[in-house]
Amino acid sequence: DAKTTQPNSMESNEEEPVHLPCNHSTISGTDYIHWYRQLPSQGPEYVIHGLTSNVNNRMASLAIAEDRKSSTLILHRATLRDAAVYYCISQTPSGTYKYIFGTGTRLKVLA
Amino acid sequence: GAGVSQTPSNKVTEKGKYVELRCDPISGHTALYWYRQSLGQGPEFLIYFQGTGAADDSGLPNDRFFAVRPEGSVSTLKIQRTERGDSAVYLCASSNGAYGELFFGEGSRLTVL
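What you are looking at is a predicted structure, and each value in this text was computed from that prediction instead of being measured.

Draft legend 1. Region of interest: the sheet that holds strand β7 (residues 70-75) of chain A. Residues and elements named next belong to chain A. As summarised here, the arrangement of the four strands in space is β2-β7-β6-β5, forming an open sheet in which the pairing is antiparallel. Edge positions in the sheet fall to β2 (18-23) and β5 (55-56), since each has one partner strand and no second. Relative to β7, strand β6 (residues 61-64) is paired through four bridges, and the arrangement is antiparallel. What sits directly across from leucine 62, in β7, is leucine 73.

Encoded structure:
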């Protein structure tokens, strides 16, 4: 599993878009990129995942660089409920299936 | 109860005691994970089950930690001779297969005095 690097914290204003970056420069061709978030006093919850193409779902969008060495989670309109720690995880879909969490990015949303 | 259920939600014990933490995964999920999380840190992988067998237990910190999943559903994490450094939130997650989305429980907070 490739190591991922994320900023420790970010701030956003409510109703504005948020771009959360993640570097995974040692990623291999078959590693998936997953994003989870953890709200206060809760377990992590799935946000989105992808391999090569950009992905969209009801929660967010995932933009993956062409060389796959970085990706960006995009929240289109941040709300106060989006304040959480966001984790970017690179996972190898063979052999071990463990997901390795880093320290994530703590997102603060300002009203 | 459609989600992952963990009991107890809080456990306070004394150093040297034995502790069991239980996880009820989502019905039908074959994969089950245990993580632990210390304050300000991300979840740390402990062990992964596929069915009844531990497919990867490389994250268990030492032989005081053990986990079972005898019927491929409920899992128990067992900690012997607890130490103060074992204090953390222990998280359980299940998924429908190895590549599936992880569904986490709310965790069991263990405090060792």
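Still more to cover.
Draft legend 2. Here's a closer look at the state of the cysteines. All names here are of chain A. Inspection of the entire model under this criterion finds two disulfides over all chains. The disulfide that involves cysteine 22 links it to cysteine 88, with 2.1 Å between the sulfurs. Around the S-S axis, the bridge from cysteine 22 to cysteine 88 shows a dihedral of about -80 degrees and counts as left-handed. Of this pair, cysteine 22 sits in strand β2 while cysteine 88 sits in strand β8 (residues 84-91), and the two are 66 residues apart along the sequence.

Draft legend 3. Unusual backbone geometry, seen in detail. Put simply, B:Thr7 and B:Pro8 share a cis peptide bond, and its omega is -10 degrees. Considering the arrangement of structural elements, one finds B:Pro8 in the loop between β1 (5-7) and β2 (10-13).

Draft legend 4. Layout of the sheet that holds strand β4 (residues 45-50) of chain A. Residues and elements named next belong to chain A. Taken in spatial order, the five strands line up as β1-β9-β8-β3-β4 in an open sheet, and their pairing is mixed. Edge positions in the sheet fall to β1 (9-13) and β4, since each has one partner strand and no second. With direction set aside, neighbouring strand axes in the sheet form an average angle of 25 degrees. With three bridges connecting them, β8 and strand β9 (residues 105-110) associate as antiparallel partners. Looking across to β9, one finds that tyrosine 86 is bridged to threonine 105.

Draft legend 5. Up close: the pattern of salt bridges. Counted according to the given criterion, the structure contains seven salt bridges over all chains. Between A:Asp82 and A:Arg37 there is a salt bridge, with its nearest N and O atoms 2.8 Å apart. Of this pair, A:Asp82 sits in the loop between β7 and β8 while A:Arg37 sits in strand β3 (residues 32-38); the two residues are 45 residues apart in sequence, bridging distant segments of the chain. Residue classification places A:Asp82 among the buried positions, given a relative accessible area of 12%. With its nearest N and O atoms 2.8 Å apart, the salt bridge here joins B:Asp86 to B:Arg64. Of the two residues, B:Asp86 is situated in the loop between β8 (75-79) and β9 (88-95) and B:Arg64 in the loop between β6 (53-56) and β7 (65-68); the sequence distance between them amounts to 22 residues. Accessibility classification places B:Asp86 together with B:Arg64 in one group, the buried group. Via salt bridges that share partners, A:Arg37, A:Glu45 and A:Asp82 belong to a single interconnected network.

Draft legend 6. Looking closely at the interface of chain A and chain B. Taken together, the 16 residues of chain A in the interface contact 19 residues of chain B. Across the interface of chain A and chain B, roughly 1,500 Å² is buried in total on both sides, 57% from carbon and sulfur atoms. Of all residues in chain A, A:Tyr97, A:Lys98 and A:Tyr99 give up the largest surface area on contact with chain B, accounting jointly for 34% of the area buried on that side. At the junction of chain A with chain B, the criterion picks out zero salt bridges. Those elements that place two or more of their residues in the side of chain A that touches chain B are β3 and β8 of chain A. Taken together, the residues of the side of chain A that touches chain B sort by class into nine nonpolar, six polar and one charged.

Criteria and thresholds
Residues numbered from 1 in each chain as written. Chains lettered and ligands numbered in written order. Predicted model: local features only at pLDDT ≥ 70, side-chain atom pairs only at ≥ 80, totals over all residues. Heavy atoms only, no water. Pairing = 2+ DSSP bridges. Helix = DSSP H or I, 4+ residues; strand = E, 2+ residues; numbered from the N terminus. Disulfide = S-S within 2.5 Å. Axes fitted to C-alpha atoms, helices over the stretch in contact; angles between N-to-C directions. Salt bridge = Lys/Arg side-chain N within 4 Å of Asp/Glu carboxyl O. Buried < 20%, exposed > 50% of the residue type's maximum accessible area, 1.4 Å probe, protein only. Contact = heavy atoms within 4.5 Å. Buried area = accessible area lost by both parts, 1.4 Å probe. Nonpolar A, V, L, I, M, F, W, Y, C, P; charged D, E, K, R; others polar.

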